[in-house]
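# Architecture at a glance
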Amino acid sequence: MSAKLIFHQLSESFPGDAVVVEDYAEELPSGDQEHTLWAADPVDGTINFVHGLPFFGISIARIERGWPVLGVIHAPALGETFTAVAATGAYVNGHECHVSHTATLADSVMSTGLADSISEASPDNIKEFSRMTRNSHGVRRFGSGALELAYVACGRLDGYWESGQRPWDLAAGALLVAEAGGQVTDYSGGDTWLFQGDVVALNGLIHAALLDAVKQAQQNV
């Protein structure tokens, strides 16, 4: 019901824009980066929501020329709303927020996601999770990529990485991180993350170290 409501509200309010909503209308327009696109996830963290865990949220973003320019993540059970507009900063409940100042991977607290069914996932992120657990101050798994990105933006987490994500998973949270002073790239340090789905988002100080750790884990070094 919420997916349908969000889709129709965005489509009616912005009739010239493309709209994709997880679990309702997921087909991306051809030539993704040429369109103005709204990407929404009506419940990011569905398993948490079903089990009564508070770590879930509604994520909505506007994307222009392949980059998010507006993002909102609302966490109703936690009473927090994260917002960002390009070139204006990142905010939580109206208060400006910033990424952390943690300067080393060893001192960082990271976050990631794992596939709901590991046997069906390729890659499964287990090697990366194991390496990061050994090389950092700890790895958390909240079960909501949107909130994890928002937490990086607010300095509660130092970084987040995950593969196999979609624009509605990433766009709003990635804009928050960038506007809060952080850095967002794909696993190669490039800018294909939004539509290719492999993303690392950090405070900027430990970006190279995380990319290297992910690469080494994938190569079994």
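A brief report on the enclosed structure follows.

Thresholds, definitions, all that
Residues numbered from 1 in each chain as written. Predicted model: local features only at pLDDT ≥ 70, side-chain atom pairs only at ≥ 80, totals over all residues. Heavy atoms only, no water. Pairing = 2+ DSSP bridges. Helix = DSSP H or I, 4+ residues; strand = E, 2+ residues; numbered from the N terminus. Axes fitted to C-alpha atoms, helices over the stretch in contact; angles between N-to-C directions. Contact = heavy atoms within 4.5 Å. Buried < 20%, exposed > 50% of the residue type's maximum accessible area, 1.4 Å probe, protein only. Parallel < 35°, antiparallel > 145°, perpendicular 65-115°, else oblique. Core = buried A, V, L, I, M, F, W, Y, C linked by side-chain atoms within 4.5 Å. Lys, Arg positive; Asp, Glu negative; His and termini not counted. Salt bridge = Lys/Arg side-chain N within 4 Å of Asp/Glu carboxyl O. Polar contact = N/O pair within 3.5 Å; in protein donor to acceptor, adjacent residues only side chain to side chain.

## Overview of the sheet that holds strand β3 (residues 57–64)
If you trace the 7 strands from one edge of the open sheet to the other, you get β1-β2-β3-β4-β5-β6-β7, paired in mixed fashion. The two strands at the open ends of the sheet, each matched to only one other strand, are β1 (18–21) and β7 (95–97). Across the sheet, the mean angle separating the axes of adjacent strands is 20° when strand polarity is ignored. Inspection of the sheet shows β1 paired to strand β2 (residues 37–44) by 4 bridges, in the parallel sense. Among the inter-strand pairings, Val 19 is bridged to a residue of β2, identified as Trp 38. Each of β1, β2, β3, β4 (67–75), β5 (80–85) and β6 (90–92) is contacted by helix α5 (residues 167–179), which is oriented at about 100° to β4, the strand it contacts most.

## A few points about unusual backbone geometry
Even without being glycine, Asp 23 reaches a positive phi, approximately 70°. Tracing the chain through its elements places Asp 23 in the loop between β1 and β2. By relative accessible area, which is 62% here, Asp 23 ends up exposed. Here the phi dihedral of Asn 93 falls at roughly 50°; this positive angle occurs in a residue that is not glycine. Mapping Asn 93 onto the fold places it in the loop between β6 and β7. For Asn 93, a relative accessible area of 42% corresponds to the partly exposed category.

## Some points on the packing of helix α4 (residues 145–153) against α5
In contact at an axis separation of 8 Å, α4 and α5 are set at 5° when each is read in the N-to-C sense. The orientation of α4 with respect to α5, classified from their angle, is roughly parallel. The residues of α5 that touch α4, namely those facing Ala 146, Leu 149, Ala 150, Val 152 and Ala 153, are Asp 169, Leu 170, Gly 173, Ala 174, Leu 176 and Val 177.

## Here's the deal with the nonpolar core
Soluble, globular proteins show a tendency: their nonpolar side chains are buried together. Grouped together as the largest cluster of nonpolar side chains are 39 residues, with contacts concentrated most on Ile 73, Phe 82, Leu 176, Val 177, Val 184, Trp 193 and Leu 194. If you tally residues by element for this core, the top one is α5, at 8 residues. Setting aside chain neighbours within four positions, we find Trp 193 in contact with Trp 67, Pro 68, Leu 170, Ala 174, Val 184, Thr 185, Asp 186, Asp 198 and Val 199. Judged by nonpolar contacts, the second largest core, of 13 residues, contains Trp 161, Tyr 187, Leu 202 and Ile 206.

## A closer look at the sheet that holds strand β10 (residues 159–162)
The strand order across the open sheet built from 5 strands is β9-β8-β10-β12-β11, with neighbouring strands paired in mixed fashion. Each edge of the open sheet is held by one strand with a lone partner, namely β9 (138–140) and β11 (183–185). Taken pair by pair, the neighbouring strands of this sheet meet at an average axis angle of 20°, ignoring direction. Across 3 bridges, the pairing between strand β8 (residues 109–112) and β10 is parallel. Within β10, the residue paired with Thr 112 across the bridge is Trp 161. Sheet contacts for α4: β8, β9, β10 and β12 (199–202); angle to β10, the most-contacted strand, approximately 150°. Across the face of the sheet, helix α7 (residues 207–218) comes into contact with β8, β10, β11 and β12 while running at roughly 150° to β12.

## Some words on the side chain of Glu 128
Note on placement: Glu 128 falls in helix α3 (residues 126–135). No salt bridge forms around the buried Glu 128; measuring N to O, its nearest opposite-charge neighbour Lys 127 is 6.2 Å away. At a separation of 3.3 Å, a polar atom in the side chain of Glu 128 contacts the side chain of Gln 218. The residues contacting Glu 128, other than those within four sequence positions of it, are Trp 161, Val 214, Ala 217 and Gln 218.

## Notes on the pattern of salt bridges
In total, this model carries 3 salt bridges according to the counting rule given. Where Glu 64 meets Arg 62, a salt bridge forms, and the shortest distance between an N and an O atom there is 2.9 Å. For the salt bridge of Arg 156 with Glu 80, the shortest nitrogen-to-oxygen distance reads 2.7 Å. Here Arg 156 is found in the loop between α4 and β10, whereas its partner Glu 80 is found in strand β5, with 76 residues between them in sequence. One connected set of salt bridges, linked through shared partners, spans Asp 17, Arg 62 and Glu 64.

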